[in-house]
Each structure stands twice: as C-alpha cells, then as structure tokens.
Amino acid sequence: MTTEATSVVGPSGEGALVIIPTYNELENLPLIIGRLHAAMPAAHVLVVDDNSPDGTGPLADQLAVDDSDKRIFVLHRTEKNGLGGAYLAGFEWGLAREYTVFIEMDADGSHAPEQLHRLLDRINSGADMVAGSRYIPGGSVVNWPWHRQFISRGGNIYSRLALGVKFHDITGGYRAYRRAVLEKIDLGSVESHGYCFQIDLAWRTMLAGFTVAEVPITFTEREYGESKMSGGIFQEAFVKVGRWGMAHRVARLQGRAAKIR
Ligand SMILES: Nc1nc2c(ncn2[C@@H]2O[C@H](COP(=O)(O)OP(=O)(O)OP(=O)(O)O)[C@@H](O)[C@H]2O)c(=O)[nH]1
Ligand SMILES: [Mg+2]
C-alpha cells in the first residue's frame, strides 16, 4: 500500500501535531518549544507530562497560556508511566482532533526542530512514516559516550537481523506518522516502553504495509537534566524483537504473512 503523494502538511507545519513527552524537563521544555516554533511556526505542540516532580507540568501550562497563537496543549498524567504510554495518550488526543501528521520529539534537545522539515518533506513526497536516522549517510551523533553508541548501534543491527528489515535506525525516537498509519495500527494492544516502543511501532507500520522512509538527522546528547534510559528497557527490546522476528518467519513459512519491503 502506498499513500498518494499529496501535500499533507503545510510548509510552516500546518496540520502537524508535535508530541513531546516530558519527565523532569524543566530547563529543556521552553528551549525546545521555542526552537520548534521558530522553525515551524504553525505546528501545534502537545506536551505529555507524567506529573514531573520538578514542575515541568505547571511550566507547560504556563507556556500554553502565554502563547498568543494558542499552539501549545498539555496532557497531565498522574504518574510516570514510560515514554510509550505517554505517546499513546498523545496519539489518542491528536486523533480526536483534525491533525494530519503526528511527530514524536524528545524534550531534551536531542532531536533538532530545525531538521523537522526533512521529515515532513518526505511525508509530503509520499512516505507514510518517516524516521530521523543517525545511521545513514548525512546522519550523525554528537556528544554521546562510546558505550551509548555501542548499545544503540548494536540494538539496531540486532533488530535488523531479527526482523529482517532494512531499517538503519529503528530505535530512534524522532519520527513523523501520517494520520492513516495511527488510525490503522491497533494502538490499544501496544505494551512496549522505551526503545522497544519505537521498534514496536515501526514493525507494526511495516506489517500493515505502509511505506516507511529514513532521513538523516543530527542527534545531540542532552545538555540539561538526566537520561531515563535503564537496563530493563534494553532487556525488553532484546526479548520482544527476537520473538516478533521469529513469529513473522513462522507466519511466512505457513503463508500467513507477506515479505516486508
Ligand atoms: N511523560 C513521560 N515522558 C518520559 C518518560 N520517560 C522519558 N520521558 C521523556 O521522553 C524523552 C526521552 O527520554 P530520555 O530520558 O531523553 O531518554 P532517551 O532519549 O532514550 O535517553 P538519552 O539518550 O540518554 O537521553 C524525554 O523528553 C523525556 O523527558 C516517562 O515515563 N513519561
Ligand atoms: Mg534523550
């Protein structure tokens, strides 16, 4: 299935909802939203905060009140429930409204809003889902310690082999989805957190036959605040990805599934 190449998002981000999950991002949030609106003035932002102890939630409310163009919205959840849960809540909120494209972006400055046009241009030229990639020509990683790069690259190689797909940065969290993708895949059954959430959604998008693409991005390590990455997140991805790949191979052998392009 290929969605026709019509322009689904405007040059200033008209029709786009940028979802930013936050947990203790007090210093980063105003910076990232400011940069986003400088780059894409018409994009709407949904902050999904999990009751951050540092007061990110009330700050987000204040940013929304102060924005005279009313482009900022905030979802408050009662407790920390992982990045995946925050995105699912954000997708549900956006699908109940008229947005045509949904963007995932971290609050910590790792995903440059100045490069968002790369993702949106690719959506407008026909892709159903676009991932910002650190690991294709033109992509890069700035200020990441070697052990983080090792885990990230290793996770991508493992996922590529286990799932049998040509995706170079399937764990990355800078993405754009056409509305049709999120309407079709069964978001209610997604249970993954962290990195695994990104792999899970990419895998479901490909299984559903949508066109996926990667564009190069510069990923920069956070300057402020702390990472929420943990060993449990890594383990979850390792086990689940292996299982999905195996299940798909069995389904193909039995003629129940098609080859992933
Ligand atoms: N709402 C919500 N947001 C979260 C949660 N965990 C992480 N986030 C946000 O998700 C984004 C990515 O989290 P990071 O801690 O930067 O994790 P990461 O990017 O995988 O790891 P690093 O590369 O070390 O920064 C940030 O905007 C976080 O504030 C959570 O449990 N709930
Ligand atoms: Mg980060």
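Structure shown above.
Residues numbered from 1 in each chain as written. Chains lettered and ligands numbered in written order. Predicted model: local features only at pLDDT ≥ 70, side-chain atom pairs only at ≥ 80, totals over all residues. Heavy atoms only, no water.

1. Details of the site of ligand 1
Here is step 1 of the chain: Lining the immediate environment of ligand 1, one finds 19 residues, of which Glu 25, Asp 50, Asp 108, Arg 148 and Ser 227 sit closest.
Here is step 2 of the chain: Within the backbone of Thr 22, an N or O atom sits 3.2 Å from a nitrogen atom of ligand 1.
Here is step 3 of the chain: The backbone of Tyr 23 places a nitrogen or oxygen atom 3.0 Å from an oxygen atom of ligand 1.
Here is step 4 of the chain: Taken by itself ligand 1 offers 620 Å² of open surface, and the protein chains cover 94% of this.
Here is step 5 of the chain: Contributing elements (two or more residues each) for the shell around ligand 1: strand E1 (16-22) and helix H3 (82-95).
Here is step 6 of the chain: Here the shell around ligand 1 takes 3 residues from H3, the largest share from any one element.
Here is step 7 of the chain: A per-class count over the shell around ligand 1 returns 7 nonpolar, 4 polar and 8 charged. (Near = heavy atom within 4 Å. Polar contact = N/O pair within 3.5 Å; in protein donor to acceptor, adjacent residues only side chain to side chain. Areas by Shrake-Rupley, 256 points an atom, 1.4 Å probe, with all protein chains shown as cover. Helix = DSSP H or I, 4+ residues; strand = E, 2+ residues; numbered from the N terminus. Nonpolar A, V, L, I, M, F, W, Y, C, P; charged D, E, K, R; others polar.)

2. Some words on the pattern of salt bridges
When their charged atoms lie close together, side chains carrying opposite charge are able to pair.
Here is step 1 of the chain: Applying the stated criterion across every chain yields a total of 11 salt bridges.
Here is step 2 of the chain: When the shortest N-O distance is used, the salt bridge between Arg 71 and Asp 67 registers 2.7 Å.
Here is step 3 of the chain: Here Asp 69 and Arg 71 are joined by a salt bridge, their closest N and O atoms 3.9 Å apart.
Here is step 4 of the chain: Asp 69 sits in the exposed class, given a relative accessible area of 52%.
Here is step 5 of the chain: Given a relative accessible area of 14%, Arg 71 falls into the buried group. (Salt bridge = Lys/Arg side-chain N within 4 Å of Asp/Glu carboxyl O. Buried < 20%, exposed > 50% of the residue type's maximum accessible area, 1.4 Å probe, protein only.)

3. A look at a nonpolar patch on the surface
Here is step 1 of the chain: Together, Trp 146, Phe 150, Ile 151 and Phe 234 make up a nonpolar patch on the protein surface, roughly 500 Å² of accessible area in all.
Here is step 2 of the chain: Considering each element in turn, the nonpolar patch owes the most residues, 3 residues, to helix H5 (residues 146-163).
Here is step 3 of the chain: Counting through the fold element by element, Trp 146 comes out in helix H5. (Patch = residues over 30% accessible without salt bridge, like charges linked within 9 Å, V, L, I, M, F, W, Y side chains within 5 Å.)

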